[in-house]
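# Summary of the model geometry
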Amino acid sequence: MARPPSALRGHILDSALQLFATQGYKGASLHDIAQVAGCSKASLLYHFVSKEAILAELLTPAGEGLAALDARLSGLEGEEAAEAAVTGFVDLAMRFRREVKVLFQDIPVLAGHPALGAVPAVVARLMAAMVEGSAEPKALVTAYMVVGAVAVTCAADVPVEDDDLRAELIQGALRTLGRQPR
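The written sequence of each chain sets the order in which its residues are numbered from 1. For this predicted model, a pLDDT threshold of at least 70 governs which residues receive local features, and a threshold of 80 or more governs which side-chain atom pairs are given and counted, while totals over whole chains, interfaces and linings are taken from all residues. Only hydrogens and water are set aside; all other atoms, that is, all heavy atoms of the structure, feed into the side-chain values.

## Details of the overall build of the protein chain
A tally of helices and strands in the protein chain yields 10 helices and 0 strands. Its C-alpha atoms give the protein chain principal-axis dimensions of about 55 × 35 × 30 Å. Throughout, exposure labels follow a simple rule: accessible area from a 1.4 Å probe, protein chains only, divided by the maximum for the residue type, with under 20% read as buried, over 50% as exposed, and the rest as partly exposed. A total of 182 residues make up the protein chain; the buried ones form 42% of that total. Considering only intrachain contacts with a sequence separation of at least 6, the fraction spanning at least 24 residues in the protein chain is 71%. Per-residue and other accessible areas follow the Shrake-Rupley method at a 1.4 Å probe size, with only the shown protein chains counted as cover for residues. Carbon together with sulfur atoms contributes 58% to the accessible area of the protein chain, which is approximately 9900 Å² in total. The sign given to each residue is positive for Lys and Arg and negative for Asp and Glu; His and the chain ends receive no count. Taken as the charge centre is NZ of Lys, CZ of Arg, CG of Asp or CD of Glu, depending on the residue. The distance from the centre of the 16 positive side-chain charges to the centre of the 21 negative ones in the protein chain is 5 Å. Counting from the N terminus, the helices are the DSSP runs of H or I reaching at least four residues and the strands are the DSSP runs of E reaching at least two. Whether two residues touch is decided by their heavy atoms; if any such pair falls within 4.5 Å, the residues are in contact.

## With respect to the nonpolar core
Side-chain atoms within 4.5 Å link the members of a nonpolar core, which is a set of buried Ala, Val, Leu, Ile, Met, Phe, Trp, Tyr and Cys residues. Counting 32 residues, the largest nonpolar core has V86, V90, L126, M130, V150 and L169 as its most contacted members. Of all the secondary-structure elements, those providing two or more residues to this core are α4 (51-73), α5 (78-95), α8 (119-130), α9 (137-155) and α10 (162-176). Per element, the largest residue contribution to this core is 8 residues, and it comes from α5. For M130, the contacting residues outside a window of four places in its chain are A82, A85, V86, F89, V146, V147, L177 and R179. Core analysis: the second largest hydrophobic core is formed by 21 residues, Y25, A28, F48 and L58 among them.

## Quick word on the pattern of salt bridges
Salt bridges are defined by distance alone: a side-chain nitrogen of Lys or Arg within 4 Å of a carboxyl oxygen of Asp or Glu. Counted by the stated rule, this structure contains 6 salt bridges. Between R125 and D70 there is a salt bridge, with the nearest N and O atoms lying 2.6 Å from each other. Residue R125 is found in helix α8, and its partner D70 is found in helix α4; the two are separated by 55 residues along the sequence. Note on D70: relative accessible area 17%, which makes it buried. A salt bridge links D162 to R97, with the nearest nitrogen and oxygen atoms 2.9 Å apart.

## What about a negative patch on the surface?
A contiguous patch of negative charge on the surface is contributed by E161, D163, D164 and E168. By secondary structure assignment, the location of D163 is in helix α10. What goes into a patch is any residue over 30% in relative accessible area without a salt bridge, connected to like charges within 9 Å or, for nonpolar side chains (Val, Leu, Ile, Met, Phe, Trp, Tyr), within 5 Å.

## Quick look at the packing of α9 against α10
Two elements in contact, α9 and α10, have axes whose closest approach is 9 Å; the angle formed by their N-to-C orientations is 165°. Considering their axes alone, α9 and α10 lie roughly antiparallel with respect to each other. Between α9 and α10 lies a crossing of right-handed hand. Counted together, T142, M145, V146, V150, T153 and C154 of α9 and L165, L169, A173 and T176 of α10 form the full contact between these two elements. Per-class residue counts for the contact of α9 with α10 are 7 nonpolar, 3 polar and no charged. What counts as an axis is a line fitted to C-alpha atoms, over the stretch in contact for a helix, and the angles between N-to-C directions run from 0 to 180 degrees. Roughly parallel means an angle under 35 degrees; roughly antiparallel means over 145; roughly perpendicular covers 65 to 115; every other angle is labelled oblique. The sense of a crossing depends on the near helix, which, turned anticlockwise from the far helix by less than a right angle, makes the crossing left-handed and, turned clockwise, makes it right-handed. For this scheme, ten residues count as nonpolar: Ala, Val, Leu, Ile, Met, Phe, Trp, Tyr, Cys and Pro. Four count as charged, namely Asp, Glu, Lys and Arg, and the remainder, Gly too, count as polar.

## Description of the environment of A42
Secondary-structure assignment places A42 in helix α3 (residues 41-47). When the C-alpha positions of A42 and H31 are compared, they lie 9.6 Å apart, and in sequence the two are 11 residues distant.

## Thoughts on the environment of L30
Following the sequence through the fold, L30 ends up in helix α2 (residues 30-37). Here the alpha-carbon distance between L30 and L140, two residues 110 residues apart in the chain, equals 40 Å. Each residue touching L30, except ones within four places of it in the same chain, is listed here: K41, L44, L45, S50, K51 and I54.

## A look at α8
One less than the residue count of a helix, multiplied by 1.5 Å, gives the span that helix is expected to have. Compared with an ideal rise of 1.5 Å per residue, which puts 12 residues at 16 Å, α8 spans 16 Å between its outermost C-alpha atoms and is within 8% of the ideal. Those residues of α8 that are buried are in contact with α4, α5 and α9. Looking one or two places after α8, you find E132, whose phi comes out positive at around 55°.

Structure below.
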């Protein structure tokens, strides 16, 4: 049965995300999360049945954002699709910086996690939009470079203001793709 949201539930999620981002998903235990959240492990388990359930709830908003971007891209083509893909991905990566950091720290552990089920297919479509569907090796490698570089940069603690970081990520990604930034 679903439990009602509470302030403690939100605090547990914040604490878990903080720990996952600093210690990795595998490195953080339920005991650690409860300790940082200032509650007992029993209280934590009242709100979440497992660490996997916490991760799934933390990743759901990012997954929904990625699905929404995918839907927006489905009606676009060419230059318009490439620019929307880059801008949308940069915005998502910046919005979900800690979640991206969690994913990058534990890629082998999380790659097959059920919470990430549709992500590989959506990212493949995103990269295809960036390179107008080209299957040429140069285009594929360039798309992977853009996705990887944006994600790694957003996961890092780059000492740059968010507006400047966003602008530079978009311009750099478009240049990498061989497109002229506006």
